[in-house]
Amino acid sequence: MLIFAVLFPMAAGALFPLFRFKEDKSRGLYVMAVVLITSAVALPQIILGTAAREILFQITETLPIAFRLDGVGRIFAGIVAVLWPLSSLYALEYMQHEKNLDAFFSFYTICFGVTLGIACASNLMTLYLFYELMTLITLPLVMHGGSQRSVRAGLKYLYYSIGGAALAFIGLVYVIYYGGTTEFAYGGVSVFTAGQTEHNMRIGYLICFFGFGVKAAVFPLHDWLPDASVAPTPVTALLHAVAVVKSGVFAIIRITWFTFAPALLAGTFAQYIPLALCVFTIVYGCTMALKEQNLKRRLAYSTVSNLSYILFGALLMTSQGLRGGLMHMVYHAVMKITLFLCAGVYLQKGVEYVQDMRGLHRAMPVATAVFALGSLAMTGIPPLLGFGSKWALAEAAVFEGGLLPVAGIVALVISATLTAFYLIIPSVSTYVSRGVKAYAPGELSSGWKALSPLLIISLVMMFFSFWPMLLTDFITYAAAGGL
Amino acid sequence: MNGFLMVVALVLPVLAGLMVGFVPQIGLHRKTRSIFVGAALALQCLIVVLIALGGEKTVVILHLSENLPIALRSDTLGVIFSLIMTAMWTASAFFAFSYMTHEKNEKTYYAFFMMTLGVLMALCFAATLVTMYLFFEAVTLLSLELVLHERTKESIAASIKYLIYSVAGATMGLLGIFFLVPNTTSSYFVLGGSLNVEALTVAPSALLGVLFLTIVGFSTKAGMFPMHGWLPTAHPVAPSPASAVLSGVITKAGVICVIRVIYYSVGVEFLRGTWVQMALLTLATVTVFMGSMMALNESLLKKRLAFSSVSQVSYILCGLFLFDRTALTGALLHVIFHALIKDGLFLFAGAVIFKTGYTYVDQLKGLGRKMPVVFLCFTILSLGLIGIPPTGGFISKWYIAEGAIAGLSHFPVPVFTWLVPAILLISALLTAGYLLPVSITGFFSQPDEEASQAKLNEVCEPCRLMTVPLIILTLAVVFLGVFPNLMIDIFDSLAALLV
C-alpha cells in the first residue's frame, strides 16, 4: 500500500496532459480527489504503523528501491499527508486567475508522491532517488510565474540543489563502499562504529551533510530559499516551508541517526562543524528576517532559522535532542504554513511588504487574527506550539552541557526575541497603526476555499497547544528508535 | 476551594474584559460599563481577600509535558502582591470612570485594563517558572494597549519600544528558565530555592552568567539600568490612570519575577558574594541615582514621575540583591508603599491634566490654591516617597538601608558597605528635590501671564470619583506608616524563610 500512496499521485499527476481540463471546477475536483485518496490510503498506515517492507524494484542485488515506515518516517509522512490536501484546496482558490494551471497542478500533485517517497524510503538509495526527483519536479513550480525574477530564482535553486545532490551522491558512495548496505537502521550501521575507516567515514558524513544541507538551508547554502519565495504562495507555503526543506532536514536526520552512527560522530569534528553552523544559522536567519521588508522573503528567512533548530536538536546526538528536533519539525510545519497561507491571502490583495500590513485588520479580520496567532506561536509564547519544541530543544541542550549546546540555547533565545520583533510587531501594527490608505471593514476578505485551510490549521495548532501529549508521546517513542 | 478561587481570580477579570470588549450593551454605554467594571473589581477584591484568608493551595491548570505543569499556588508572596495589585487597580479604575470621559475609545481601554489584571493575578500566583514566564509575556502583550491607547504617532512608537524591551527582557528570563528547570530538584517554587548544586549539568560559572542575564531580563519590567529606556517613554504617553497602574503596579511584575528566581528557585547561597551579586547591586544603585537625577532634570510632570519610578523600583531591587533578611523585608515594604504612592502621584497628574490640560511643572503656578485637596494629597505622598516619617516610605527605606549595612558587612568588596547606603540617602534628598518644587509651585507661585491667571480662576477641585481614590491612597500611606507592625511581622517572617 505504501507503493500505491507514493506512485498514485505521481501517475495521476503525470496523466494531467491527457485530460486538458476546460473548466476550473473539474480540474479542482480531479486534484482534490487524487490528493484525498492518497492521504486516505497513507494516513491509516501512518497512524497505525506497518512493519511491511515493500520493494519496488532492485537496481542491483544489494540496492533495492524499497519503502518502509518507521517512527521518524511516520512523523514526516504524517505532516505531509495532513497538510497537502489543505494547501491543495488553498491552491485551487489562490491560483484560479493564473495561467497554465494544468502544468501547475500536475507538478503539484506529482510532488506529493515524491515527498511521500522520501518519507517512506527504506534505504539511502531510495531516499536519494526521490530527493533528486523532487528537485526536478519542483523546479517548474518555482518558475511558474515566468517573470525574469522567477526564472532566475529557479535557476539558482537548480544549481544549488544539483550541487548539493552531487555531494550527497559522494556520501552515498561512501556508505555503499564502506557499509555494504544503505538500509536504514536506528543508531546507524554497526560496521561503521569499528575499524580503521572511522576517520574516512566522518569525512564522508560531512560531505553528505553539506549535500543535504542545501535543501535544509544551512548557512552558507541557504541563499536559494529566500529567492525561491518568488514562487506562487501555495508553493512557498507547502514546499518551501514543509515538503522540500523538511526533506533536507529529514535526510540529514536519516544519515545522522540511521546511516552513520551517532556513536561514530558524537564528540568529533563531524559533530562540531555541523552543530556550529546550525547555531550560527539560527541567529543569522532571524537577523536577516528582521532586515527583510518583503513579507514572504521575511518568512523564508525565518524558515532558514527554524530549520536549523531542528538540525541543532538532531545533531546533539542524544535521543532527547532528536525528540526536540522532531517536535520542532512538526510544529514548525504547522506554524509556518499558517503564516505563509496568511501571507498569500495578503499578497492576493496587494499587500506585499510588511509596512503595507498597517491597519489591515479592518479589511481582513480573519487572516490578520490567524497571522497574529501564528506569530505568537512562532515566538514561543506558552502554551502555544512553538514553546514546547523550543523547550524540548533547550532541555536536551542543557543536559548535554558543553560549549556548543550552551551556545545553541543562547542562539535559541536570541532567535525567539528576534522572532517577536519581526513577526509580533507587524501583527500589532495590523491592529493599531493607520496605513497609507484607510480600509473599510471586511473590504478585502477572501473566499472560503482560501480561508478554511487557514482556520483548520489554526484549530489544529490550538488543539496541540493544549493537548500536546498526544503528539509528544509518539515523538518521544520515535526518537528512541521505535517503529 | 482556594484553588478554584485562584482560577476565578484569573478568569473573572479576563471574562469581564472580554464582555466589555464584545458585548455592545455593556461596552458602549458609559454608565452601564462603569457599573459593570466597578462591580467586577469589587468582586475581584473579595476573591483576592478570600484567597488570602484561605491559606496555601496549589492548582494545576495544564500540563505542557509531564514535568512542565502550568500551576497556580496561593503562597504568601503571591497573596501580598495580588492584594496590593488588585487594590491599586480598583483605585485607578474608579479614577478612570471620570478621567476617561475626555479620552476616545473608552471601551477598548477597560477591556484591556481588566484583562491585564487577570493575567497579573496569575503572575502573582504562578507556582512554576514556566507559568510565570507565560503570564509575564501575557502582561506585556495585554498592557500594550494601555500604552498605545491614544493611537498617536508618539504613543505607537512608545508602545513598540515597550514591546521590544519587554520581550527582550522576557526571553533573557527564558534563557535562565531553560537552565533552571533541569537543574532544580522541584519543578515548583520552593522557599529558599531548590538548585541542585551537587549535580549541575553545566559549569557553575556558566550558570552564574545565565542567571545574571535572567535577573537583568526580568528587571526590565522594573526599569533597571541598562534596560530602563522604555519606561520614561511608555509610562507618560498612557492615559493617567493607566500610567498609574503601569508605574505603580506593572513594574512590580518585574519585581515578583526577580524574587521568584532568586529566592524561590536558585536560593541566595549560590549567588551570595559572587560577581553576579556585585554586578546586580551596582546596576541597581546606579539606577537609583540615575533615575533621581533624570527626574530632577525633567520638566514634564508625568515624565518626571516615570523617572522617579525608575529610581524607586530600583530601591526595591537593591533591597532584593542584598540577600539580607532586613533588606528583603524593606524591599517588600517598599513594594507596597511605592505602589500606593506612585499610583497616587499619577492620579494627581491625571487630575491636573483633566482639569487644566497642563502637563509641565512650571504651568502649575498657583494651582494649589484652587485644588487644595489634590495638592495636599500630592504633598503628603511626596513626603512618603522622600521617606519622611511618619509616612510609609520612611520605614521601607530605613529597613533597606539597615539591611544594606548588615548584609554587606562581610562583602568581598568593602567599598559597597558604605557606598550603597550612601547612594540610597543621596537619592532620597534628590527625591525631595524633584517632588517638593511641584507643591511649592502649586501653593506659593503666581502665574505670570494674564491669560493663565484668567484660566486659573475657572479651575476647581475635580469630582469625587477622582479625589476619593487619591485621598484613600494618601490616608493608606500615612496609616500604614504609623501602624506598620502587622505588615512588618508578615514580611519579616516570610523573609526569614527565604534568606
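**Remarks on the interface of chain A and chain B**
Step number 1: Taken together, the 25 residues of chain A in the interface contact 28 residues of chain B.
Step number 2: Mapped onto the side of chain A that touches chain B, the elements with two or more residues apiece are helix 16 (385-400) and helix 17 (403-432) of chain A.
Step number 3: When residues in the side of chain A that touches chain B are grouped by element, the largest group, eleven residues, is from helix 17 of chain A.
Step number 4: Its residues placed into classes, the side of chain A that touches chain B shows 19 nonpolar, five polar and one charged.

**Digging into the confidence of the model for chain B**
Step number 1: Per-chain confidence: chain B averages 90 in pLDDT, with 100% of residues scoring 70 or above.
Step number 2: Both scores are given for the predicted complex: the pTM is 0.90, the ipTM 0.86.

**A closer look at unusual backbone geometry**
Step number 1: Cis geometry marks the peptide bond from Phe219 of chain A to Pro220 of chain A, where omega comes out at 5°.
Step number 2: By the secondary structure assignment, Pro220 of chain A is in the loop between helix 8 (198-213) and helix 9 (224-228).
Step number 3: Cis rather than trans, the peptide bond between Pro389 of chain B and Pro390 of chain B has omega equal to 10°.
Step number 4: Its place among the elements puts Pro390 of chain B in the loop between helix 16 (372-386) and helix 17 (392-407).
Step number 5: In the Ramachandran plot, Arg151 of chain B falls in the positive-phi region, its phi being about 60° despite a non-glycine side chain.
Step number 6: Using a count of 15 C-beta atoms within 10 Å as the deciding quantity, one classes Arg151 of chain B as partly exposed.
Step number 7: Phi is positive for Phe323 of chain B, which is not a glycine, with a value near 55°.
Step number 8: Within the secondary structure, Phe323 of chain B is located in the loop between helix 13 (301-321) and helix 14 (325-356).
Step number 9: Residue classification places Phe323 of chain B among the buried positions, given that 23 C-beta atoms sit within 10 Å.

**Considerations on the packing of helix 12 (residues 269-291) of chain A against helix 17 of chain A**
Geometry of a packed helix pair, given as the angle between the helix axes and the separation of the axes.
All names here are of chain A.
Step number 1: Closest axis-to-axis distance for the helix 12/helix 17 pair is 9 Å, and the angle between their directions is 15°. As summarised for this structure, helix 12 and helix 17 are arranged roughly parallel, according to the angle between their axes. The chirality of how helix 12 crosses helix 17 is left-handed. When helix 12 is examined against helix 17, the residues Tyr272, Leu275, Ala276, Val279, Ile282, Val283, Cys286, Thr287, Ala289 and Leu290 are found in contact with a partner set consisting of Leu404, Ala407, Gly408, Ala411, Leu412, Ile414, Ser415, Leu418, Thr419, Phe421 and Tyr422.
Step number 2: Residues of the contact of helix 12 with helix 17, tallied by class, amount to 17 nonpolar, four polar and no charged.

**Description of the nonpolar core**
Step number 1: In terms of nonpolar packing, the biggest core is built from 385 residues, with Val80, Leu311 and Ile337 of chain A together with Leu123 and Leu317 of chain B touching the most fellow members.
Step number 2: Tallying contributions element by element places helix 14 of chain B first for this core, with 19 residues.
Step number 3: Contact partners of Ile337 of chain A, with chain neighbours within four places excluded, come to Leu83, Ser87, Ala237, Leu238, Ala241, Val242 and Ile457 of chain A.

**A few points about the packing of helix 14 (residues 319-348) of chain A against helix 18 (residues 448-466) of chain A**
Residue and element names in this part refer to chain A.
Step number 1: It is at 10 Å that the axes of helix 14 and helix 18 come closest, and there the two elements cross at 155°. When the axis of helix 14 is compared with that of helix 18, the two are roughly antiparallel. Considering how the two elements wind past one another, helix 14 and helix 18 form a crossing that is left-handed. When helix 14 is examined against helix 18, the residues Val334, Met335, Ile337, Thr338, Leu341, Cys342 and Val345 are found in contact with a partner set consisting of Ala450, Pro453, Leu454, Ile457, Ser458, Val460 and Met461.
Step number 2: Classifying every residue of the contact of helix 14 with helix 18 by side-chain character gives twelve nonpolar, two polar and no charged.

**Describing the pairing of strand 1 (residues 58-65) of chain B**
All names here are of chain B.
Step number 1: Where strand 1 and strand 2 (residues 68-73) come together, six bridges link them in antiparallel fashion. Counted as the bridge partner of Thr58 is Arg73 from strand 2.
Step number 2: Hairpin connection between strand 1 and strand 2: a loop of two residues separates the two successive antiparallel strands.

**As for helix 3 (residues 24-48) of chain A**
All names here are of chain A.
Step number 1: Taking 1.5 Å per residue, 25 residues should reach 36 Å; helix 3 reaches 36 Å between its end C-alpha atoms and fits that length.
Step number 2: Residue Ala42 marks the point of greatest curvature in helix 3, where the axis turns by about 25°; the proline Pro44 follows within four residues.
Step number 3: Considered for burial, the residues of helix 3 that qualify are Arg27, Gly28, Val31, Val34, Val35, Thr38, Ser39, Ala42 and Ile46.
Step number 4: Looking at the buried side of helix 3, the elements it contacts are helix 1 (2-14), helix 4 (71-94) and helix 5 (101-120).
Step number 5: At the C-terminal side of helix 3, Gly49 shows a positive phi close to 85°.

Thresholds, definitions, all that
Residues numbered from 1 in each chain as written. Chains lettered and ligands numbered in written order. Predicted model: local features only at pLDDT ≥ 70, side-chain atom pairs only at ≥ 80, totals over all residues. Contact = placed C-beta atoms within 7 Å. Helix = DSSP H or I, 4+ residues; strand = E, 2+ residues; numbered from the N terminus. Nonpolar A, V, L, I, M, F, W, Y, C, P; charged D, E, K, R; others polar. pLDDT = per-residue confidence, 0-100. Buried ≥ 20, exposed ≤ 12 C-beta atoms within 10 Å, placed from the backbone. Axes fitted to C-alpha atoms, helices over the stretch in contact; angles between N-to-C directions. Parallel < 35°, antiparallel > 145°, perpendicular 65-115°, else oblique. Left-handed = near helix turned anticlockwise from the far one by under 90°. Core = buried A, V, L, I, M, F, W, Y, C linked by C-beta atoms within 7 Å. Pairing = 2+ DSSP bridges. Expected span 1.5 Å × (residues − 1). Bend = angle between axes of the 7 residues up to and from the residue.

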